[in-house]
Amino acid sequence: MNEYDSARMAGILAELGYAQADAPDEADLILLNTCSVREHAAHKVYSYVGALKPLKERKPHLIIGVGGCLAQQEGQRLLKGIPHLDLVFGTDALDSLPELLADAARGRRRSHTPRPRTVGIPVLRRGLKPGLKAMVTVMQGCDNFCSYCVVPYVRGRERSRPAPEIMEEVAALAQAGAREITLLGQNVNSYRDAESRLDFPGLLARIASVPGLWRLRFTTSHPKDLSPRLIEVMASEEKVMEQLHLPVQSGSDRVLAAMKRGYDRGRYLAKVEAIRERLPDLALGSDIIVGFPGESQADFEESLSLLSLVGFDFLFSFKYSDRPHAKASKLKNKLSEEVKARRLNALQARQREISLAIHRQQVGRVEEVLVEGPAKKGQGRLAGRSRAGRTVNFAGPDELVGGLVQVAITEGLVNSLKGRLCQL
Ligand code: 5AD
Ligand code: SF4
């Protein structure tokens, strides 16, 4: 969501005639887009913007702005705390950027953080040409109020974009060259078109029919809302990739209840089983929080054992941190940083073993890969993604970039696969 908003900002700025600078000290405008889902956002902003002070002194016309969730949360406080900051804009203030920048240029310091809208999501401006891959927001906000989470407060309540507007944006992106689209929403399964009552599986199927589009992914799905119909659409639509992000957050029933997730371990596992039955090649990913208040060693071990039981293909894991407004921040029995760090390390070590084992099992398979560009390590190597979303590196000529190829997998590493291009 944050990346998507950054792309929208870049689009708006391009329309105003801005071009991207290569380094901060060459810029006339520096905007920070912030995320406050986890801790340290405030600290990072103060230290980053603080470090820009000498630059601002050398270059008084430089405009520095902070946007996103932290801006939404802190508003005026940021302007007060950082005297050389020109502008603060909230999560729903992107459309006002042109006006805010004009004010900043006249020396008027402003914080603009309107309450997140209850309806309507502004469309991506098309000041920039999309790349091979693009993102499209289908819904925003969240009504779940998990006890640790700040999202419902900074992003507001759930609201869906009208289906015709989404279809128009997807068609325009495909026509401009985007081949893979990722649909975004805090909980995509709550999508509902107000007019036609189209739901998320219906929307997915409709988008899959857009000509020129090859691949569709989406994120994120709340386990309690994942429906059999979605699984059916995933299984039957060739363009919907075999990848699903299904955040479990904990393997312990006690912790899941305290988190207010609306499912228990057994129900989560039953969903996983149902999905895998229809989609045996699915890559399944998850999020886990360690060190939720009151999490015992036994609770934590339930998260560890869940990793092994499910065998997630990818995992994002985090140390619990207090968030403003979130109910869990009022709970007692907070865990020490040390315990949280130890648990996180143990969890990540287990996940690395699992990822490596899964990746090694891929050896010998032939995968369809969308070629994205040169591999990070270069040397005539290309990198792309398999249908399941795994990074595949292989040797091949540059003209393959932007196309689909078949690659035989020869080696599995922790974070990627190596392969050999199949002759066509
Ligand atoms: N502390 C730690 N992790 C959190 N997440 C959300 N809120 C918190 C918090 N207070 C994690 C969840 C979520 C992901 C986006 O961030 O795992 O799925
Ligand atoms: Fe936060 Fe829970 Fe909503 Fe996800 S479902 S955004 S964790 S409140």
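Relevant structure appears above.
As the structure is a prediction and not an experimental result, all values here were calculated from the model.

**Let's talk about the packing of aromatic side chains**
- The full count for this structure, using the stated rule, is 6 aromatic pairs.
- Judged by centre distance (6.0 Å) and plane angle (35°), the rings of Tyr263 and Tyr268 are tilted.
- Tyr268 gets classed as buried once you look at its relative accessible area, which sits at 1%.
- Ring centres of Phe292 and Tyr320 lie 5.6 Å apart, and the angle between their planes is 75°; this geometry places the pair in the edge-to-face category. In this pair, Phe292 sits in the loop between strand 11 (283-290) and helix 13 (297-310) while Tyr320 sits in the loop between strand 12 (314-319) and helix 14 (337-361), placing the two residues 28 residues apart along the sequence. Each member of the pair, Phe292 as well as Tyr320, carries the same accessibility label: buried.

**Here's the deal with the site of ligand 2**
- Around ligand 2 sit Cys142, Asn144, Phe145, Cys146, Tyr148, Cys149, Val151, Pro152, Gln186, His222 and Arg261, and those are all the residues in its vicinity.
- Of the residues in the shell around ligand 2, the class split is 7 nonpolar, 3 polar and 1 charged.

**Regarding the sheet that holds strand 11**
- Strand order across the open sheet formed by 3 strands is 10-11-12, with parallel pairing between neighbours. This sheet does not close on itself; its edge strands, each paired only once, are strand 10 (243-245) and strand 12. Within the sheet, the average angular offset between the axes of one strand and its neighbour, ignoring direction, is 15°.
- Looking at chain direction, strand 10 and strand 11 are connected through 3 bridges and run parallel. When the sheet's bridge partners are listed, Gln243 is paired in strand 11 with Ala283.

**Observations regarding helix 13**
- In this model, helix 13 (14 residues) spans 20 Å end to end at C-alpha, consistent with the 20 Å of a helix rising 1.5 Å per residue.
- A positive backbone phi angle near 70° is found at Gly311, which sits one or two residues after helix 13.

**What about the site of ligand 1?**
- In the neighbourhood of ligand 1, the contacting residues comprise Val37, Arg38, Tyr148, Gln249, Asp287, Ile289, Phe318, Lys319, Tyr320, Ser321 and Arg323.
- At 2.6 Å, a side-chain N or O of Arg38 approaches an oxygen atom of ligand 1.
- Between ligand 1 and Tyr148 there is a distance of 2.9 Å, counted from a nitrogen atom to a backbone nitrogen or oxygen.
- Taking 400 Å² as the accessible area of ligand 1 by itself, protein coverage stands at 86%.
- In terms of residue class, the shell around ligand 1 is built from 5 nonpolar, 2 polar and 4 charged.

**Quick word on the environment of Leu16**
- Residue position: Leu16 is located in the loop between helix 1 (2-15) and strand 1 (29-34).
- Along the backbone, Leu16 and Thr410 are 394 residues apart, and their C-alpha atoms lie at a distance of 48 Å.
- Among all residues touching Leu16, those that are not within four sequence positions of it are Pro98 and Leu101.

**Some remarks on unusual backbone geometry**
- Cis rather than trans, the peptide bond between Thr219 and Thr220 has omega equal to 5°.
- Topologically, Thr220 is positioned in the loop between strand 9 (215-219) and helix 10 (228-236).
- The phi dihedral of Lys260 falls on the positive side, at around 60°, and the residue is not glycine.
- Residue position: Lys260 is located in the loop between helix 11 (253-259) and helix 12 (265-278).
- Looking at Lys260, the relative accessible area reads 57%, which means it is exposed.
- A positive phi angle, close to 75°, is found at His325, a residue other than glycine.

**Regarding the packing of helix 13 against helix 14**
- Relative to each other, helix 13 and helix 14 sit at 15°, their axes nearing to 10 Å. Judged on the interaxial angle alone, helix 14 and helix 13 are roughly parallel. You can see that helix 13 and helix 14 cross each other, and the crossing is right-handed. Of helix 14, the residues touching helix 13 (which contributes Gln297, Phe300, Ser303, Leu304, Leu307 and Ser308) are Arg343, Ala346, Leu347, Arg350, Gln351 and Ile354.
- The residue inventory of the contact of helix 13 with helix 14, partitioned by class, reads 6 nonpolar, 4 polar and 2 charged.

**Concerning helix 10**
- Of the positions making up helix 10, those classed as buried are Leu230, Ile231, Val233 and Met234. One side of helix 10 carries all its buried residues, which in axial view fall inside an arc of 165°. Exposed side of helix 10, more than 90 degrees from the buried face: Pro228 and Ser236 are the residues found there.
- Each element contacted by the buried residues of helix 10 is listed here: helix 9 (200-208), strand 9, strand 10 and helix 12.

Reading guide: rules and limits
Here the residue index of a chain counts from 1 through its sequence in written order. Starting at A for chains and at 1 for ligands, labels are handed out in the order in which the entities are written. Reporting of local features is limited, given that this is a predicted model, to residues whose pLDDT is at least 70; pairs of side-chain atoms are given and counted only at 80 or more, and all residues count toward the totals for whole chains, interfaces and linings. Water and hydrogen atoms were dropped before computing side-chain values, which therefore reflect all heavy atoms in the structure. In summary, the pairing rule links any two rings of Phe, Tyr or Trp, Trp by its six-membered ring, whose centres are within 6.5 Å, and it sorts them by plane angle into stacked for under 30 degrees, edge-to-face for over 60 and tilted for everything else. Relative accessible area decides the class of each residue, using a 1.4 Å probe on protein chains only: under 20% of the type maximum gives buried, over 50% gives exposed, and in between gives partly exposed. Strands here mean DSSP runs of E at least two residues long; helices mean DSSP runs of H or I at least four residues long; both are numbered from the N terminus. Any residue with a heavy atom positioned within 4 Å of a molecule or strand is treated as near that molecule or strand. Throughout this entry, Asp, Glu, Lys and Arg are counted as charged residues, while Ala, Val, Leu, Ile, Met, Phe, Trp, Tyr, Cys and Pro are counted as nonpolar. The remaining residues, Gly among them, count as polar. A pair of strands counts as paired when DSSP detects no fewer than two bridges linking them. Comment: axis = line fitted to C-alpha atoms, over the contacting stretch for helices; angle = value between 0 and 180 degrees taken between N-to-C directions. Here, expected helix span is obtained from the residue count minus one, scaled by 1.5 Å. Each polar contact in these results corresponds to two N or O atoms within 3.5 Å; when the atoms are within protein, one needs to be able to donate a hydrogen and the other to accept it, and residues that are neighboring in sequence are counted only if both atoms are side-chain atoms. Throughout, the Shrake-Rupley method with a 1.4 Å probe supplies accessible areas, and for residues the shown protein chains are the sole cover considered. Whether two residues are in contact is decided by their heavy atoms, any of which lying within 4.5 Å being enough. For classification purposes, angles smaller than 35 degrees are called roughly parallel, those larger than 145 roughly antiparallel, those between 65 and 115 roughly perpendicular, and all remaining angles oblique. Note: crossing handedness is left-handed where the near helix turns anticlockwise from the far helix by less than a right angle, and right-handed where it turns clockwise. By arc we mean the arc of the directions from the helix axis to the C-beta atoms, nothing more.

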